[in-house]
Amino acid sequence: MSLVRVAWTSDQVRALEEPLLAAGVPLMERASFALAVHVAGVLRERRGRVGGARAVVLAGGGNNGGDALHAGALLAGRGVEVWAVTTSARVHAAGLAAVRAAGGRVVTVADPEGPDVRRVPVDEAAALAARADVVLDGVLGIGARGGGVGGVAGALVSAVGALPDRPFVVAVDVPSGIGVDDGTRSGPVLDADLTVTFGAAKPGLLLPPAARSVGRVEVVDIGLGGLPEGARPHVVRLEVPDAAALWPVPVAASHKYTRGVVGVVAGTRSYPGAAVLATTAAVRSGAGMVRYLGDVGETVVAHRPEVVVGPGRVQSWVFGPGVSPDDAGQRRRIEFAFEGVLQRGEAAVVDAGALELLPRHVGPHVVLTPHAGELARLLTRLGADVDRAGVEAEPLRWARLAHERTGATVLLKGGVTVVAGRGGAAYAQADAPAWLATAGAGDVLAGILGALLAGRVDDLHDDASLVAALAATAALVHGRAAHRANPGGPVDAAAVADALPGTIADLLREAGTLAP
C-alpha cells in the first residue's frame, strides 16, 4: 500500500542529511526558500498581498534558526517588514547577515552577540510579535528532546502564546519544545497555525499530545530521498487510498462466510444499547454475517433483524461493549469465546468490560481498544506504574508497552487515535471531529473493526503487522463517518453507524475499488 504520510525520527532524518551536507547539497537554501514561499502564501491569503506585511522571526541558535533567518531575508526582499528576535547568544551567522543585508532589523532577548545588537526585554519582543502579521518560530528544531522551551526563550514563547490577539504562527520544521520523536508536550510550546516541515514529517507532528500544537502540516521535499533500505517509518498516518486498499471488498463469487462472520458479546439488560450499536456497526461495515451472544438478543434483532442470535462459526469477535463487571453471564461467554481466539486463531476486538478478562498473553490478532484510563488500569495490573495522565502524556510509549506485555495489538482511543502492533508498527489517526467524544462511539468503532478483522482474517495470520493497519483503517472510517453524519455539528453514535455504508462507498469510490 502507498502510505501517504509517514514520520521519520530525528536520527533517521539526520542520517539522510549528513551525506548530502558533506557533498555540499544546499539543504538550508532549499528549506528556507520553501518556508518563505509558504509564508508568502499565508500573507496573500490573509492580507491579499505580501508587500507591506510585517513578520517577526524568532531565531534560536541552531540550523533551525538559520532556516528561519534566511526565510526572513527572502521575505524582506519581497517588501515585508522583518524583525528578527534572537533567543541565543549563538545564532546562525550567515542567516543573521542575510536578514540585515535585506533590510531586516535584529534584536535579542539573550546576551548581545556584538555592539550592533540591541537587547530588549521579553515583553518588548512580544509586543513586536503582537504587531506582526506572521511569526516564524525557529527557536528549536529536531535536535531538541521535548520538555518545552527553557530560559529566556521559553519566557518569550509563553509571552507570544499568551497574546490576546495572537498573530499567525508558522513553525519551522517543528513547533519549538515538542517531543520531536515521541509527541510529548510539556513546558512552554508555541502552538502553530501552520508547520512547514522539511524532508518528511516528524513523529511529534502526528502523535498526541503534541499533534494539537502543529496546525496544518506541509511537508517540503528538499531532496533527502527515501528511507534507507530495510528501515521503516516511525509512525504512519493512513489516508483514503491506504484505507481503501485495506478494506475487504467482495467479488462476484463471495458469500456470507467468505465475507466474514463477526461474533458479538456485548451489552447487558442494564446496557442493551451497546449490543445494538456494536452489531449495527458490524452489519453496516459489510460483514457477511453478525452473530450475537447475550441476554438482549430480542432487542438486537428488533433493531437489526439480519443478526443471528446464538453460537456458531465466526472469523472474529467483538467482546466487551456495555459489559459490566458484575454480569456473570456475559463474562462467562467472553471467557469461553477466548478459548477459540487462543486455540483456533479467531481474531478479536477486546473493549471496555472485556479488558479485565484478557488472558495473560495473546497474539497480535487480538486488538485491545481502551481509552487512556482503561489502558492505565490494564498496565497497572501488568506491573507498570502509570496513571491516566501518564498515558495521555506519552500515549505511544504506553500503547507499545501494553503490546509488549500482552502480545495484542493496541488501539488507544483519543482525539488522535494511536495504534501499536507487531514489528514496531505505529499509527496515529486524526480523522474524527471532537463531536465524536460521545457515549456509544467506542461501541461503533468496535463493530467496524470486528468486520474488518473478519473480512481479512486469513491475510492477518499471514502478516501479523497487518492488524495494526486494519485498526488504523477502522479509526479512519469511524472518524469520516462522524463527519458525514452531521458535518460540523453534534453527532450521536447511532448516526455514525448509519453513516458507515455511504462513508465506505465514498472511500472505495475515491480509490476506484468499488465492488463489481
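The structure presented is a predicted model; accordingly, all values stated were derived computationally and were not measured.

Participant: With reference to specific residues and values, describe the pairing of strand β12 (residues 289–293).
Facilitator: The element β12 is largely enclosed, with a buried count of 5 among its 5 residues. Burial along β12 is two-sided: Met289, Arg291 and Leu293 facing one way and Val290 and Tyr292 facing the other are all buried. The pairing of strand β11 (residues 261–265) with β12 spans 5 bridges and is parallel. Paired with Gly263 across the strands is Arg291, a residue of β12. The parallel pair β11 and β12, bridged by helix α10 (residues 272–284), forms a crossover whose chirality is right-handed. As judged from the 2 bridges shared by β12 and strand β13 (residues 308–309), these two strands associate in the parallel manner. Its bridge partner being in β13, Arg291 is matched across the sheet by Val308.

Participant: Just give me the short version of the sheet that holds strand β5 (residues 118–119), but keep the residues and values in it.
Facilitator: With parallel pairing, 8 strands are arranged side by side in an open sheet as β5-β4-β3-β2-β6-β7-β8-β9. The two strands at the open ends of the sheet, each matched to only one other strand, are β5 and β9 (216–220). For strand β2 (residues 54–59) and strand β3 (residues 81–86), the ladder comprises 6 bridges, and the chain directions are parallel. Note on β3: the bridge partner recorded for Arg54 is Glu81. Lying on the sheet, helix α4 (residues 93–101) is in contact with β3 and β4 (105–108); it crosses β4 at an angle near 135°.

Participant: Tell me what's going on with the packing of aromatic side chains, and back it up with residues and numbers.
Facilitator: In this description, an aromatic ring pair is defined by two values, namely the gap between the centres and the angle between the planes. If you walk through the whole model with that rule in mind, you get 2 aromatic pairs. An angle of 25° between the planes, with centres 5.5 Å apart, marks the rings of Trp317 and Phe319 as stacked. Taken together, the aromatic side chains of Trp317, Phe319 and Phe338 make up a single cluster linked through ring pairs.

Cut-off values and rules
- Residues numbered from 1 in each chain as written.
- Predicted model: local features only at pLDDT ≥ 70, side-chain atom pairs only at ≥ 80, totals over all residues.
- Heavy atoms only, no water.
- Buried < 20%, exposed > 50% of the residue type's maximum accessible area, 1.4 Å probe, protein only.
- Helix = DSSP H or I, 4+ residues; strand = E, 2+ residues; numbered from the N terminus.
- Pairing = 2+ DSSP bridges.
- Right-handed = clockwise from strand over helix to strand, strands pointing away.
- Contact = heavy atoms within 4.5 Å.
- Axes fitted to C-alpha atoms, helices over the stretch in contact; angles between N-to-C directions.
- Phe/Tyr/Trp six-rings, centres within 6.5 Å; stacked < 30°, edge-to-face > 60°.

Keep in mind these numbers describe shape, not what the thing actually does.
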